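# A closer look at the structure
Chain by chain, the residues run as shown.
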Amino acid sequence: MPKQWVIPDIHGCVRTLRALIEQLVIPAKDDTLYFLGDFVDRGPDSKGVLDYVMGLEDQGYNIVALKGNHEEFFVKAWEEEQQARGFLFLKKTNKSKAQWMPHGGREALESFGTTDLSKIPVHYIDWMRKLPLYHITGNFLLVHAGLNFNIEDPFQDTHSMLWIKDYRIIPSKIENRRLIHGHVPVSLDFIDIAVNSPGYPFVDLDNGCYMVNRPGYGNLPALELQSMELKVQPNLDMD
């Protein structure tokens, strides 16, 4: 039976991602790889991560890639850069870029070998822009950050799918599916408890791949949805 692997926030750590997929997950062509977003920023090679995942798509692997808040950051900053035209040829301040840069944007631009955001090739922007915000597969609902359960239809709040950090799940509003997300780094012990507790309404898979100096963090996991097998790859990028 084909396997379904869920991989959380990669944050520019392409060597770690390659090792996870090629040495631990080892997907067959009929398996599916689900990515929970935040491919870019913070780590050293955002471009390499995008190239690798897009390359898997080109090779015919089944890829479902969701949008994270860092893709949203990147796209908004790029779009504002294209539109920034000021009076008497003075360029307007790109507020989105100013917000993005200290949250990993600087490292992302470096991975493309430029400090000029407008020089980022448009096909990367198009790919990130078109990423869906959530995906349902069987008894699981996959999303980057979570859902706003304080409204009647949580799927109407697209901002929360990318950014929310604190919420109480109301299972009936998602047809009693188990929610799997990233966005908020948690310890490997916490992930292991959630994965191995069938009654737990959610699994936060983000172990803060780039947080190598924090005990219990700094790994990139992959969760297989049918067996609930967890593979864990320690970070190889952050020296």
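Here, the structure is the one placed above.
Below, the structure is looked at part by part. These numbers come from a predicted model, not from an experiment.

This paragraph deals with the sheet that holds strand 8 (residues 219-224). Pairing is mixed across the open sheet formed by five strands, whose spatial order is 3-2-1-8-9. Across the chains shown, the open sheet's two edge strands, defined by having one partner strand only, are strand 3 (62-65) and strand 9 (230-234). For this sheet, the mean angle separating the axes of adjacent strands, direction not counted, is 20 degrees. Across four bridges, the pairing between strand 1 (residues 4-7) and strand 2 (residues 32-35) is parallel. Looking across to strand 2, one finds that Gln4 is bridged to Thr32. Contacting strand 1, strand 2, strand 8 and strand 9, helix 1 (residues 14-25) crosses the sheet at an angle of about 140 degrees to strand 9.

Every other side chain in a regular strand lies on the same face of the sheet, so the side chains alternate between the two faces. Of all six residues making up strand 8, six are buried, and the element is well covered by its neighbours. Of the two faces of strand 8, the one holding Asn219, Pro221 and Leu223 and the one holding Leu220, Ala222 and Glu224 are both buried throughout. In this antiparallel pair of consecutive strands, strand 8 and strand 9, the connection spans five residues, and Met228 shows a positive phi of 60 degrees.

Further remarks concern helix 3 (residues 69-83). Under the 1.5 Å per step criterion, the end-to-end length of helix 3 is 21 Å for 15 residues, consistent within 8% with the ideal 21 Å. Turning to helix 3, its buried residues are Asn69, His70, Glu71, Glu72, Phe73, Phe74, Val75, Ala77, Trp78 and Glu81.

Here the structure, examined in full by the defined rule, presents nine salt bridges. Note that Asp51 and Lys47 form a salt bridge whose closest N and O atoms lie 2.8 Å from each other. In this pair, Asp51 and Lys47 both sit in helix 2 (residues 46-58), four residues apart, roughly one turn of the helix. For Asp51, a relative accessible area of 31% corresponds to the partly exposed category. Between Arg177 and Glu175 there is a salt bridge whose closest N-O contact spans 2.8 Å. On the basis of relative accessibility, which here comes to 58%, the residue Glu175 falls in the exposed class. Each of the salt bridges in this network shares a partner with another, and the network as a whole consists of Lys67, Glu72 and Lys76.

Tallied over the full model, the rule gives eleven aromatic pairs. Where Phe74 meets Phe112, the ring centres are 6.2 Å apart and the plane angle is 90 degrees; that geometry is what we call edge-to-face. Here the residue Phe74 occupies a position in helix 3, and Phe112 occupies one in the loop between helix 5 (105-111) and helix 6 (122-129), the gap between them amounting to 38 residues. You'll find Phe74 and Phe112 in the same group, each marked buried. For the ring pair Phe190 and Tyr200, a centre distance of 6.3 Å and an interplane angle of 80 degrees mean the geometry is edge-to-face. Linking Phe190 in helix 8 (residues 188-195) with Tyr200 in the loop between helix 8 and strand 7 (202-204), this pair joins segments that are ten residues apart in sequence.

A separate point is the sheet that holds strand 7. The sheet built from four strands is open, its strands ordered 4-5-6-7 with mixed pairing. Each edge of the open sheet is held by one strand with a lone partner, namely strand 4 (134-137) and strand 7. This sheet shows a mean twist of 15 degrees between the axes of neighbouring strands, independent of strand direction. The sheet contact formed by strand 6 (residues 178-181) and strand 7 spans three bridges and is parallel. Following the sheet pairing, His181 is matched in strand 7 by Asp204.

What follows is about the side chain of Ser96. Within the secondary structure, Ser96 is located in helix 4 (residues 95-100). The buried category is assigned to Ser96, whose relative accessible area is 15%. Excluding anything up to four places from it in sequence, Ser96 contacts Lys76, Ala77 and Glu80.

Okay, the state of the cysteines next. Here the structure, examined in full by the defined rule, presents zero disulfides. This cysteine, Cys13, is not joined by any disulfide, and Cys209 carries the nearest cysteine sulfur, 3.9 Å off.

Between helix 3 and helix 6, the shortest axis-to-axis distance is 9 Å and the interhelical angle comes to 130 degrees. Our classification of the angle between helix 3 and helix 6 gives oblique. Along this stretch, helix 3 crosses helix 6, giving a crossing that reads as left-handed. On helix 6, the residues that touch Glu71, Phe74, Val75, Trp78 and Glu79 of helix 3 are Val122, Ile125, Met128 and Arg129. Here the contact of helix 3 with helix 6 is built from residues that sort into six nonpolar, no polar and three charged.

About the thresholds
- Residues numbered from 1 in each chain as written.
- Predicted model: local features only at pLDDT ≥ 70, side-chain atom pairs only at ≥ 80, totals over all residues.
- Heavy atoms only, no water.
- Pairing = 2+ DSSP bridges.
- Helix = DSSP H or I, 4+ residues; strand = E, 2+ residues; numbered from the N terminus.
- Axes fitted to C-alpha atoms, helices over the stretch in contact; angles between N-to-C directions.
- Contact = heavy atoms within 4.5 Å.
- Buried < 20%, exposed > 50% of the residue type's maximum accessible area, 1.4 Å probe, protein only.
- Expected span 1.5 Å × (residues − 1).
- Salt bridge = Lys/Arg side-chain N within 4 Å of Asp/Glu carboxyl O.
- Phe/Tyr/Trp six-rings, centres within 6.5 Å; stacked < 30°, edge-to-face > 60°.
- Disulfide = S-S within 2.5 Å.
- Parallel < 35°, antiparallel > 145°, perpendicular 65-115°, else oblique.
- Left-handed = near helix turned anticlockwise from the far one by under 90°.
- Nonpolar A, V, L, I, M, F, W, Y, C, P; charged D, E, K, R; others polar.

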